[in-house]
Amino acid sequence: MKTRYIIACNHSYPDVGGCENVVKNISERLAKTKPGYEVCVVSKSVRRPFRHNNVSYLPLGDTYLKFIRKVSSLNPKSLLIYSDMFVYYKDILMRQSHNWYYPISLCPVGFNQTHSNNQLKDFLKKRSDRFTPIIVHSRFSDDYKLCSDLGIDVEIIPNGVDLSEFAYHGFNFKGHYGIDHDDSLVVCVSNFFPGKNQAEIPKILEHSVKSGADKVNFVAIASDSVHPSSKALETSFMRAMGSPHAKKFYKSFRLLKNIPREHVVQAMKEADVSLFPSEQEVAPLVLIESMAARTPFISYAVGNAAELNGGFAVQSVREENGITKAVKSPSILGASLEAILSDTSLWSSLSERGRSQVESDFDWDKIMEKYMYHVFDREQGARYEQYEERDI
């Protein structure tokens, strides 16, 4: 029977988003690196099993016990849990009895659930050695800060990009979508999800024009989301952007949904600025993608944005229950947008610094070496708890 590497998560391919992209990159690169093994993604969003790029995608199981049995039946070499929001993370952490004969690694993606739950914090402190290792994406992230406060060791493995995706492939985004080649283009690549803060964009554009910038063509790019608030957030954004007042501050506006990935990448490459006003993040992949595209970004200093060299991370933040959140400042983001659009030397400096940092720190080929060393090729200890399933 084949031995399998298993990644467990709530959402995965073909869903589109930052976490989904990370899981896809890890699983597909692992499948290439370890051809003698099978790689399985066990996901809440998968309804029926399927294969894609040599990775098997499997349903999660509707109870914790079914999940544990499914994983055990796959003859796992290791299990990586992606996000503490994973539906069975609390069970893995808090239940006394398990049937683990394989190591479990955890990438908490901010520890968003744990930060707001003191009981989970206590269990994490007591049982952090159930996870070998705990992986965080940045020393600037809230999960790194929590582990430091609790005295828990972590491994830092950043998010990254496949640089080959950002080579020239002959597609003309502006021409395809009817935007004049010489016009300024600002893009926001973000799904409609609580906290992504697209509703602030009309005010940001207003303040950029009031600061002296010319009107820009603005394109928002998103994919459909399963979150129950997504449709309402999209409707609110479209209403705000379509108001007579907002129309005074942009030349044209389009919302593009579910467009091909190569169109998204080319949009970032042809844009003058990538605008990302999210209120809360861990390691926003879209900012790294913008830097790979040589396009300066503007964001709040949430997640690891402050360590990125390719844009402005506005230091307008506060801390709430251990989580860093933005204090909305559309005037500052608007002024930052005007500064980048009006200063070609500043634009060029941010563009080159961002691309250089991606090549040195955020190239998936280099990042995958870290996952192999710290997670998938790690020497296995002998301290994994083994109990009867009936005790679960």
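It should be noted that the structure appears before, not after, this text.
Reading the values: the criteria
- Residues numbered from 1 in each chain as written.
- Predicted model: local features only at pLDDT ≥ 70, side-chain atom pairs only at ≥ 80, totals over all residues.
- Heavy atoms only, no water.
- Buried < 20%, exposed > 50% of the residue type's maximum accessible area, 1.4 Å probe, protein only.
- Helix = DSSP H or I, 4+ residues; strand = E, 2+ residues; numbered from the N terminus.
- 1 Å grid on protein atoms, 1.4 Å probe; cavity = no way out; pocket = protein on both sides within 12 Å on 5 of 7 lines; lining within 4 Å.
- Points joined across faces, edges and corners; volume = space filled by probe spheres on them.
- Nonpolar A, V, L, I, M, F, W, Y, C, P; charged D, E, K, R; others polar.
- Contact = heavy atoms within 4.5 Å.
- Pairing = 2+ DSSP bridges.
- Axes fitted to C-alpha atoms, helices over the stretch in contact; angles between N-to-C directions.
- Phe/Tyr/Trp six-rings, centres within 6.5 Å; stacked < 30°, edge-to-face > 60°.

(A) Local environment of helix α8 (residues 201-210). Those residues of α8 not exposed but buried are Ile201, Pro202, Ile204, Leu205, Glu206 and Ser208. Two residues or fewer past α8, glycine 212 is found with a positive phi of approximately 120°.

(B) The arrangement of empty space enclosed by the protein in detail. Taken as a whole and judged by the stated rule, the model has 2 cavities of 30 Å³ or more. In this structure, the largest cavity encloses a volume near 40 Å³. In terms of lining, the largest cavity is formed by Cys188, Ser190, Phe192, Gln198, Ile201, Ala220, Ile221, Ala222, Phe237 and Leu255. Here the lining of the largest cavity is composed, by residue class, of 8 nonpolar, 2 polar and no charged.

(C) Just the side chain of serine 208, in detail. Tracing the backbone through its elements, the reader meets serine 208 in helix α8. Owing to a relative accessible area of 3%, serine 208 belongs among the buried residues under this scheme. Beyond its immediate chain neighbours, meaning those up to four positions away, serine 208 contacts Ala213, Gly334, Leu337 and Glu338.

(D) Region of interest: the sheet that holds strand β3 (residues 50-52). Reading across the sheet, the 8 strands line up as β3-β4-β2-β1-β5-β6-β7-β8 and stay open at both edges, with mixed pairing between neighbours. In the strand order of this sheet, the two ends are held by β3 and β8 (155-156), each with one partner. Examined bridge by bridge, strand β1 (residues 4-9) and strand β5 (residues 76-82) share 5 bridges and lie parallel to one another. The partner of tyrosine 5 across the bridge, within β5, is serine 78. Packing of helix α14 (residues 364-376) onto the sheet brings it into contact with β1, β5, β6 (104-107), β7 (131-136) and β8, and relative to β7 it is tilted by some 150°.

(E) Layout of the packing of aromatic side chains. According to the stated counting rule, one finds 16 aromatic pairs in the structure shown. Centroid distance tyrosine 5 to phenylalanine 376: 5.5 Å. Interplanar angle 90°. Geometry classified as edge-to-face. Of this pair, tyrosine 5 sits in strand β1 while phenylalanine 376 is found in helix α14, placing the two residues 371 residues apart along the sequence. The two residues tyrosine 5 and phenylalanine 376 agree in class, both being buried. Both rings, one in phenylalanine 173 and one in tyrosine 177, keep their centres 4.7 Å apart while their planes meet at 45°; by these two values the pair is tilted. Exposure remark for tyrosine 177: the relative accessible area of 12% places this residue in the buried category. Among the aromatic residues, those joined into a cluster by ring pairs are Phe192, Phe218, Phe237, Tyr250 and Phe253.

(F) Layout of the sheet that holds strand β10 (residues 217-222). Reading across from one edge, β11-β10-β9-β12-β13-β14 is the order of the 6 strands in this open sheet, with parallel pairing throughout. Strands at the two margins of the open sheet, each flanked by one partner only, are β11 (252-257) and β14 (311-314). Neighbouring strand axes in the sheet, compared pairwise and without regard to direction, differ in orientation by 20° on average. The pairing of strand β9 (residues 185-189) with β10 spans 5 bridges and is parallel. Bridge assignment links leucine 185 to a residue of β10, and that residue is asparagine 217. Running at roughly 165° to β11, helix α9 (residues 230-241) makes contact with β10 and β11 of the sheet. Against the sheet, helix α11 (residues 285-292) contacts β9, β12 (273-276) and β13 (297-300), and its axis sits at roughly 160° relative to β13.

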